[in-house]
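Analysis of the macromolecular model
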Amino acid sequence: MFVLHAAWDGGRLVLWAEETGGAEPVTSRARIRPHPFAAPANALAAALPGWGDTAAEAAGKSVAGEVVLLLPGSASSPLPSPETGLLVVARRPGIRPWRVPALLVDAGAAMRLLTTLGEAAHPPVESPEPDDRPADLLAGPSLRYLALVAAHARELVRRGRVLPQLVTEDGGYAARWRPVLTGPHADRFRELAAAMPPVCRAVEEERPSAHVLIEALAGLTDAAVRQALPERLLGGHRPGRRAPLADRWTVALTGDTADLPGARREEAEALARPLQDWFRAAHQLDGPVRVCFRLVEPEPEPEPEPGGGWRVEFALQSAEDPSLYLPASLVWAGETMPGLPGRPDETLLAGLGRAARLYPRIDDALREARPAHIDLDVEGAFHFLRHAAPLLQAAGFGVQLPAWAGRARLGLKLTARSPSGPGSTVGQGFGLEQLVDFRAELAVGDETISEAELAELARLKVPLVRLRGQWVELDARQLGAALKAVERRGSGQMTVGEVVREVVHGGDDDLPLVGVDADGLLGDLLSGEADHRLEPVATPAAFHGTLRPYQERGLAWLTFMSQIGLGGILADDMGLGKTLMALSLLLREREQEGRAGATLLVCPMSLLSNWQKEAARFAPSLEVYLHHGSGRPRGAELAERVATADIVLTTYGTALRDRDVLAGFSWVRVVCDEAQAVKNSAARQAQAVRSLPARTRLALTGTPVENHLAELWSIMEFCNPGLLGPARAFRDRYQEPIERHGDEAATAALKRATGPFVLRRLKTDKTIISDLPDKMEMKVWCTLTPEQASLYQAVVEDMMGRIAGSEGIERRGNVLAAMTRLKQVCNHPAHLLKDGSRLAGRSGKLARLEELAEEIVSEGDKALVFTQYAEFGSLLQPYLAARLDRPVLWLHGGLPKKTRDALVERFQTDDEPMIFLLSLKAAGTGLNLTAANHVVHVDRWWNPAVENQATDRAFRIGQTRNVQVRKFICVGTLEERIDEMIERKQALAESVVGTGEDWIAGLSTAELRELFRLSPEAVS
């Protein structure tokens, strides 16, 4: 298999690949040695066409060559990328040059290839195969990143954020399009630059990411414009070399050839100069103060003149703090605000002059000596809303609109009534093919509009109307769509499945779906509260135990979804018993239908034993077959096992390896436990699980969205393939408006679209579970010993010197290394020094842990102690065991499954007080450790979601005592300052820190010095 990587250099895409099969050590004595894992350029060119026609075109138009890449590794070998699965150990890794065979692809073919890659990462849902990429090609992070850059280039072109230029290239001149990056587009540029994988800029020399990104954006933007615009020839023919340069330049902007051979220097400079001035003027808005435009609606009383009373007010506004706002009338009165330039009146006039190019009505105001506003009629106000305001905002000007703008719009409301009435039940044959009576109506918010009112609005042809107390935008296109919708849909009958798809798709851009009113089981489903509306299903007779009331409601929901043929996401909080509800569903189906076939359950390896034990304890009548391990059966033997099993347990890794084998069975149901494992739709294991045929599907996860809404799309794509549409449409409709703009309408639409298929209950909700004990979280402040403080300061001085003298990937590595070393110092000097020295009396954190552990075991309790460092846990285990004279168990990733299970069993069943040391990565999910009522996080992962998952090993159903959670923090160190940063950004904590600690590497040197600084109060 090839892992594809990409860089951008010299205006071209540089494609290269690693072979996952590995290679022999390089014996070359050259100063720059060949990369041992790199695939030959001809092999890569032969493999690319498997990605489709555009990839074949890129391969055909590419030039095979060789580049020198700066990559991390040792003197003998570069470090392979994690995607290869290869393991190469480098004791002292550094950045070294390696010769790599590559394909050099011009910007046009690169744009088409990267566009295809972006689509392939989210495959068309109507395709029977979830991913048409060949199994022997895998896009690495750098290639996926450049696909995002290509998407941004297309977005810039779509929004008109480009300007034509005449540039020098290869000693001559060329006609090129260049991106205009102001306002939010400048912010997006900075985000992309910060996120650039180092390999993208590692050709020959390590260049700043901003330089590489502007070069890549320039080439891809130019290619995107040429693909969007047809070639237009002046006078029906291409001007010859003697034609005026301006004519040749105009044609070259849309043709395949940008070069302008034979252009004379004087003529080229005369044409280029005003174009460059135009380009510079477009970027002059990125200053500390900007001109702002505020649309003011007419006062409802007294009544304004018909169609009048609207006004656009001018102001100066701080670009950094939009709340600092000075109206133009106050500017002319001589008032000021912080950050204003010496002559604010000149700044206002200059900004208005530039804005007039985008909104010519400003010219009328500029005829006055002191322009402060523009008076508008209703048509003018609507034009400002729909056309001028987006242009001004995209150009970097401030824009303030009324709260209703873009929200109070005409929409479609569906009413559906079941012929059997609201008392219908599942037993009466409710399914996706059942017919229901429906009626389509038009609405604004909660208000319904009659056909007569709509006809009157259409007759008036007024784009902004006050309807029942609120202003509503009504353009001709939307009114036309509304009239057609009423005429086409009106009333009649449609199937339940059609209603569901109508709700999920949410109407269209001109006429969005704003409400649904349904009765009976359809109403239960679409409400997103089906578990409350459905009659609870009693605990199955074969279930050894009793389900709680909320679990019986959950079982009713699972049964309902399964019977109508829809997949669902059981997203209950961790510890609420998702496993028990899933087992109860299988038992109930067996009671009702007899044995209809096997359910395939895919989970992480750490949960295999949990499923086996839970099934044996609560559903012993179910036949469970474990398909895992090197000795697992194949062929006829496997078919026989599956034929007699109720549940086939396997892991995500095994499902990937045995994809073709498992796809040969017709599963009654495929269940994904810890379904966040399929949150990346492009990951091979997600593709493998999605490809397995099943009558219905179920996802179990306590975190359906960890970082991005794309994860929800991926899990929904597993449960109900195609229901949410292609990933690109999902991004455009929901993800970008919600994540980037906080769009409330898009949020409500997404909740309406996905609510029927997601059941989410929280254990902190007393209406769900009232007998779960409380969780008390507290921070434990520790001080450093003098030895720790001395080591800490030495590490800061050493590492800050290295960080200040490095750039790019080397700097990033130094930052992460500094952070690791400082955290090790905070734990214990022996953790940093690795010298096997004594532990007692040298660490404030260890002293506090020792005191706490003694107190816990003396009270007869048990505790979980999490550390993210396996080596530190190995130091703690014998030390604490000797000090406490009590069992101190130690679970880490290096233990075999049998040993892990034995440790968990002992901790849960042994009555003796004890401490359970756990590696955060190896034991942060999937374990039931309710014997503990204390949880200690010795060193922080700084990701609230990860820490909460670890805490929930103890705080879950089965816990009868209050759980005390302690998080150790060394005062006056980076541990305290990062904790403060998380507290300040609690609402964004998961997305900001969701990738672990890599985000810290992007801080400036000054910010890092402040972060790492040792305060006087740190030392005991």
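Located above this text is the structure these notes cover.
The structure reproduced in this document is the subject of the present report.

**Looking at the sheet that holds strand β30 (residues 888-891)**
For sheets, the rule is that strands pair by backbone hydrogen bonds, running either parallel or antiparallel. One open sheet holds the 6 strands; their spatial order is β28-β33-β32-β29-β31-β30, and the pairing between them is parallel. Edge strands, defined here as strands with exactly one partner in the open sheet, are β28 (775-782) and β30. When strand polarity is set aside, the average angle formed by the axes of neighbouring strands in this sheet is 20°. Two strands pair when backbone bridges link them, and β30 and strand β31 (residues 915-919) are joined in this way by 4 bridges, in the parallel orientation. Among the inter-strand pairings, Trp-890 is bridged to a residue of β31, identified as Leu-917. Across the face of the sheet, helix α32 (residues 870-884) comes into contact with β29 (863-867), β30 and β31 while running at roughly 170° to β30.

**Description of the packing of aromatic side chains**
Tallied over the full model, the rule gives 8 aromatic pairs. Where Phe-293 meets Phe-314, the ring centres are 5.7 Å apart and the plane angle is 80°; that geometry is what we call edge-to-face. You can see Phe-293 sitting in strand β9 (residues 289-296) and its partner Phe-314 sitting in strand β10 (residues 310-318), a full 21 residues away along the chain. Per residue, the accessibility class of Phe-293 equals that of Phe-314, and both read buried. Centroid distance Trp-310 to Trp-471: 4.8 Å. Interplanar angle 70°. Geometry classified as edge-to-face. You can see Trp-310 sitting in strand β10 and its partner Trp-471 sitting in strand β18 (residues 470-473), a full 161 residues away along the chain. We note that Trp-310, like Trp-471, is buried. Through pairs of rings, three or more aromatic residues link up here, namely Phe-293, Phe-314 and Phe-397. The ring centre of Phe-907 lies 5.1 Å from the NZ or CZ of Lys-862, which sits over that ring.

**Side note on helix α19 (residues 578-593)**
With 16 residues, α19 should cover 22 Å at 1.5 Å per step; its first-to-last C-alpha distance of 22 Å lies within 8% of that length. Where burial is concerned, most of α19 is hidden: 12 out of the 16 residues are buried. Taken together, the buried positions of α19 are Lys-578, Thr-579, Leu-580, Met-581, Ala-582, Leu-583, Ser-584, Leu-585, Leu-586, Leu-587, Arg-588 and Glu-589. After α19 finishes, the residue Gly-594 shows a positive phi value of roughly 75°.

**Quick notes on the pairing of strand β33 (residues 963-970)**
Across the 8 residues of β33, 7 count as buried, placing the element largely inside the fold. In this sheet, β33 lies alongside β28 in parallel orientation, the contact comprising 8 bridges. Of the residues in β33, the one forming a bridge with Cys-782 is Cys-970. The pairing of strand β32 (residues 934-937) with β33 spans 4 bridges and is parallel.

**Considerations on the sheet that holds strand β22 (residues 599-603)**
Spatially, 7 strands are ordered β23-β24-β22-β25-β26-β21-β27 in an open sheet, and the strand pairing comes out parallel. The sheet is open, and its two edges are formed by β23 (624-626) and β27 (758-759), each paired on a single side.

**Looking at unusual backbone geometry**
Phi is positive for Asp-170, close to 50°, though the residue is something other than glycine. If you trace the backbone, Asp-170 turns up in the loop between β7 (162-169) and β8 (172-179). At Lys-834, a residue that is not glycine, the phi angle is positive and equals roughly 50°. Secondary-structure assignment places Lys-834 in the loop between α30 (829-833) and α31 (844-858).

**Notes on the environment of Phe-279**
Position of Phe-279 among the secondary structure elements: in helix α8 (residues 265-282). Overall, Phe-279 belongs to the partly exposed group, its relative accessible area being 22%. Not counting residues up to four positions away in its chain, the partners in contact with Phe-279 are Leu-163, Gln-165, Arg-178, Pro-179 and Val-180.

**Re the side chain of Gln-788**
Of note, Gln-788 is situated in helix α28 (residues 786-804). Relative accessible area serves as the criterion here: at 0%, Gln-788 is assigned to the buried category. A distance of 2.8 Å separates a polar atom in the side chain of Gln-788 from the backbone oxygen of Val-825.

**Quick word on the pairing of β22**
Most of β22 sits out of view: 5 of its 5 residues are buried. Here β22 shows no split at all, with Thr-599, Leu-601 and Cys-603 on one side and Leu-600 and Val-602 on the other all buried. Examined bridge by bridge, β22 and strand β24 (residues 647-651) share 5 bridges and lie parallel to one another. Looking across to β24, one finds that Cys-603 is bridged to Thr-651. In this sheet, strand β25 (residues 667-673) lies alongside β22 in parallel orientation, the contact comprising 4 bridges. Looking at the pairing, Leu-601 lines up with Val-671 of β25.

**Details of the nonpolar core**
By size, the foremost hydrophobic cluster in this structure holds 109 residues, and its most contacted members are Leu-410, Trp-611, Trp-667 and Val-689. The contacts of Trp-611, once residues within four sequence positions are left out, are Thr-579, Ala-582, Leu-583, Leu-601, Cys-603, Leu-649, Asp-673 and Leu-700. Counting residues in each nonpolar core, the second largest holds 63 residues, with Ala-55, Leu-137, Ala-153 and Trp-249 among its members.

Parameters and conventions
- Residues numbered from 1 in each chain as written.
- Predicted model: local features only at pLDDT ≥ 70, side-chain atom pairs only at ≥ 80, totals over all residues.
- Heavy atoms only, no water.
- Pairing = 2+ DSSP bridges.
- Helix = DSSP H or I, 4+ residues; strand = E, 2+ residues; numbered from the N terminus.
- Axes fitted to C-alpha atoms, helices over the stretch in contact; angles between N-to-C directions.
- Contact = heavy atoms within 4.5 Å.
- Phe/Tyr/Trp six-rings, centres within 6.5 Å; stacked < 30°, edge-to-face > 60°.
- Buried < 20%, exposed > 50% of the residue type's maximum accessible area, 1.4 Å probe, protein only.
- Lys NZ or Arg CZ within 6 Å of the ring centre and 35° of its normal.
- Expected span 1.5 Å × (residues − 1).
- Polar contact = N/O pair within 3.5 Å; in protein donor to acceptor, adjacent residues only side chain to side chain.
- Core = buried A, V, L, I, M, F, W, Y, C linked by side-chain atoms within 4.5 Å.

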